Amino acid sequence: MTDPNTRRILIASFTTFSGAEGAVSLLKASSIGLGNVAVITRDASGKAEFTESQDWGVGKSALVGAIAGLILPGVGTITLAAGGALAAYFLDLGFPDALLKQMGEGLAPNTSMLVALVDAASVTRAGDVLASGGGVVLGSTAETDLAAAIASMQRMA
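Here goes a summary of the coordinates provided. (Residues numbered from 1 in each chain as written. Predicted model: local features only at pLDDT ≥ 70, side-chain atom pairs only at ≥ 80, totals over all residues. Heavy atoms only, no water.)

## Some details on the sheet that holds strand β4 (residues 111-119)
Move 1: Across the sheet, 5 strands lie side by side as β3-β2-β4-β1-β5; this open sheet has antiparallel pairing. Here the strands that pair on one side only, and so sit at the sheet edges, are β3 (48-52) and β5 (135-141). Pairs of neighbouring strands in the sheet enclose a mean axial angle of 15°, with direction left out of account.
Move 2: By the bridge criterion, 8 bridges tie strand β1 (residues 7-14) to β4 in an arrangement that is antiparallel. Pairing of Ser 13 across the sheet is with Met 113, part of β4.
Move 3: Where helix α1 (residues 19-29) meets the sheet, its contacts fall on β1, β2 (34-42) and β4, and the angle it forms with β4 comes to roughly 25°. (Pairing = 2+ DSSP bridges. Helix = DSSP H or I, 4+ residues; strand = E, 2+ residues; numbered from the N terminus. Axes fitted to C-alpha atoms, helices over the stretch in contact; angles between N-to-C directions. Contact = heavy atoms within 4.5 Å.)

## Considerations on the pairing of β3
Move 1: Across 5 bridges, the pairing between β2 and β3 is antiparallel. Of the residues in β3, the one forming a bridge with Ala 38 is Glu 52.
Move 2: In textbook terms, the turn of a hairpin is the stretch between consecutive antiparallel strands, and for β2 and β3 this stretch comprises 5 residues, one of which, Gly 46, has a positive phi near 95°.

## Details of the side chain of Arg 42
Move 1: Among the structural elements, Arg 42 can be located in strand β2.
Move 2: The charged side chain of Arg 42 is buried without a salt bridge, its nearest counter-charge being Asp 43 at 6.4 Å.
Move 3: Within the structure, Arg 42 has its side chain in polar contact with the backbone oxygen of Gly 46 (distance 2.8 Å). (Buried < 20%, exposed > 50% of the residue type's maximum accessible area, 1.4 Å probe, protein only. Lys, Arg positive; Asp, Glu negative; His and termini not counted. Salt bridge = Lys/Arg side-chain N within 4 Å of Asp/Glu carboxyl O. Polar contact = N/O pair within 3.5 Å; in protein donor to acceptor, adjacent residues only side chain to side chain.)

So, in structure tokens, the structure goes:
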């Protein structure tokens, strides 16, 4: 029996630039239990970009630091904002940025890819939802480290 508390990495590709973003909406509408989700795109000029649901980034961390500076007496807003931004730079709370960037550079122009942590009990249903949204599931694995998951999927191929 599958432990409902475990998650699996699910990777799917889309032949459209907005396909992966649309798939996230479909997964949420289907009440699929999601953890971190990365949407990777490559535009017509070949520029690859990605966004993650659990990677705060420098801007959001600086904002949290600035708000804390307003609330905490005796500590400067600028100091905490800079500290929050610096922490975000050194602490990547999501999938490794370098690996997501590398995956994006491997995409064809005007396509996208989805990398998601999905509740183990929902992997089959999530795959069906992604396929109905135009995606091709490239694989899923119980490995929750993205680099190890990709290596595991390559061994299975």
